[in-house]
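Inside the fold
Here is what each chain is made of, one letter per residue.
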Amino acid sequence: MHRFFIDPDISRAKTINTDIYNSPEVFEALKDKIFACCWQFIGTTDLVKEAANCFPFTLLENYLNEPLLLTRDERGSLHCLSNVCTHRGNLVVYEPCKLSNLRCRYHGRLFQLSGKFKSMPEFKEVNNFPTPDDDLHQFRLFQWEKFLFTSLDQKFPANIFFKDMIERVSWLPLHDFHFRPDLSKEFFIDANWILYCENYLEGFHIPFVHAALNTLIDYSDYETELFFPFSSLQVGISKTGADYFDLPTSSKDYGRKIAAYYFWIFPNMMFNFYPWGLSVNLVQPLGVSKTKISFLIYVWQEEKRHAGAGGILDKVEAEDEEIVQKVQKGIRSRFYRHGRYSVTKERGTHHFHRLLSEFLS
Ligand code: FES
Ligand SMILES: [Fe+2]
């Protein structure tokens, strides 16, 4: 049995070995074992609104550090490419721009917006050239309405990560959700990324840590649904009766007073839907005990922004950060290795630990 084994039976299981948070080797290993083969959020199609738009970005900066390029070609098709020139490795595009071809600024290699090799000066004498290896590497793109995701690996189809979430909120008019840079934020915490996620995955701590949220959400009705293999949902039920979704009859939840849907997608993405809109939280590892969390805010109904569970996001976030940073200190102790799970309240955390365990085995 390996060091990170998690018993599938939650009533018998111990929580994950603390080496997972503390070991620099595990932190490194997770890059390829988890992050490079799962799906990651890029942003919305607005990044490349028009034909010939190019948007270079770094996937998980300071962790995976993979230079990528999003393009929209003349026919309107989107591509997610490696932003690394196949000649000697220069970055191809340096900043967002409009281009009809991609020309490397080092020795002039030319690519189409689809990444296909086009031409190269001084290469007439080169044998067996060009080959498909000279095209920019192309990655899969998954598009959900305006939201775009990519994966560095071919291993997993996107639908096993996203389909349950997509079905559950299919009635929401996502094209009317508008990104609000002014409301979006980044937080840096002194804690391992796994601690941040496992805290998110249980509502057990709400009455203890979030007094204000606890007055808005009915803790006794707070429930976790596990979607195997790669996602889960926590549903917050409104206590006040004023701040919940106006659900259509087509919704599985019709008749319930839902104040928030908290979807989690393995390993590090959270999609929190509130009656005012959506907060996408991306948990980005920076170091064994350093994590960046981006809150990307998409507003749908501005007038509802200050009501209910979605109206006190900053306060709840500060409380979560504080407790997670305390736990970070605790898990470094020589005397703590494992805990146990509440069978009724920590199923989401157990599910997450099981996934970590499987990927590490
Ligand atoms: S590195 Fe791009 S042309 Fe040489
Ligand atoms: Fe919390």
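Residues numbered from 1 in each chain as written. Chains lettered and ligands numbered in written order. Predicted model: local features only at pLDDT ≥ 70, side-chain atom pairs only at ≥ 80, totals over all residues. Heavy atoms only, no water.

Examining the nonpolar core
Within the largest apolar cluster, 102 residues are counted, with the highest numbers of intra-cluster contacts made by Phe271 and Phe273. If you tally residues by element for this core, the top one is strand 15 (residues 258-265), at eight residues. Other than its neighbours up to four places away in sequence, Phe273 contacts Trp144, Met165, Val169, Leu172, Leu174, Phe177, Phe245, Ala259, Ala260, Tyr261, Phe263 and Leu278. Grouped together as the second largest cluster of nonpolar side chains are twelve residues, Ala52, Leu81, Val92 and Cys104 included. (Core = buried A, V, L, I, M, F, W, Y, C linked by side-chain atoms within 4.5 Å. Buried < 20%, exposed > 50% of the residue type's maximum accessible area, 1.4 Å probe, protein only. Helix = DSSP H or I, 4+ residues; strand = E, 2+ residues; numbered from the N terminus. Contact = heavy atoms within 4.5 Å.)

Description of unusual backbone geometry
Residue Pro229 follows Phe228 across a cis peptide bond; omega there is 0 degrees. Summarising the element assignment, Pro229 is placed in the loop between strand 13 (223-227) and strand 14 (231-237). Look at the link from Phe266 to Pro267: it is a cis peptide, with omega at 0 degrees. Counting through the fold element by element, Pro267 comes out in the loop between strand 15 and strand 16 (269-274). Positive phi outside glycine occurs at Ala52, with the angle close to 80 degrees. Examined against the element boundaries, Ala52 turns out to sit in the loop between strand 1 (40-44) and strand 2 (53-59). Since its relative accessible area comes to 15%, Ala52 is described here as buried.

Remarks on the pairing of strand 17 (residues 277-287)
For strand 17, the buried fraction is high: ten of the eleven residues fall into the buried class. In the sheet, strand 16 pairs with strand 17 via six bridges, with the strands oriented antiparallel. What sits directly across from Met270, in strand 17, is Asn281. Relative to strand 18 (residues 290-299), strand 17 is paired through ten bridges, and the arrangement is antiparallel. When the bridges of strand 18 are listed, Gly277 appears paired with Val299. (Pairing = 2+ DSSP bridges.)

Looking at the layout of surface pockets
Taken as a whole, the largest pocket encloses approximately 580 Å³ of empty space. Where the lining of the largest pocket is concerned, the elements lending two or more residues are strand 1, strand 2, strand 12 (185-189), strand 17 and strand 18. Here the residues of the lining of the largest pocket sort into twelve nonpolar, eight polar and five charged. Contributing to the lining of the second largest pocket are 20 residues, with Glu198, Asn199, Glu202, Val327 and Glu346 lying nearest its centre. At the level of elements, helix 4 (193-200), helix 7 (313-330) and helix 8 (347-360) are the ones that each hand at least two residues to the lining of the second largest pocket. Among the residues forming the lining of the second largest pocket, the class breakdown is ten nonpolar, six polar and four charged. (1 Å grid on protein atoms, 1.4 Å probe; cavity = no way out; pocket = protein on both sides within 12 Å on 5 of 7 lines; lining within 4 Å. Points joined across faces, edges and corners; volume = space filled by probe spheres on them. Nonpolar A, V, L, I, M, F, W, Y, C, P; charged D, E, K, R; others polar.)

A few points about the coordination of the iron ion (ligand 2)
Around the iron ion (ligand 2), the protein contributes the donor atoms His205 (NE2), His210 (NE2), Asp320 (OD) and Asp320 (OD), at 2.0 to 2.6 Å from the metal centre. Bound by four donor atoms, the iron ion (ligand 2) shows angles of 55 to 151 degrees at the metal and therefore irregular coordination geometry. Read from N- to C-terminus, the donor residues coordinating the iron ion (ligand 2) fall into the pattern H-x4-H-x109-D. In this pair, His210 sits in the loop between helix 5 (206-209) and helix 6 (211-216) while Asp320 sits in helix 7, placing the two residues 110 residues apart along the sequence. By the burial criterion, His210 is buried, and Asp320 matches it. (Donors = N, O, S within 2.8 Å, 3.2 Å for Na, K, Ca; no water. Tetrahedral: all angles 85-135°; square planar, octahedral: opposite > 155°, others 65-115°.)

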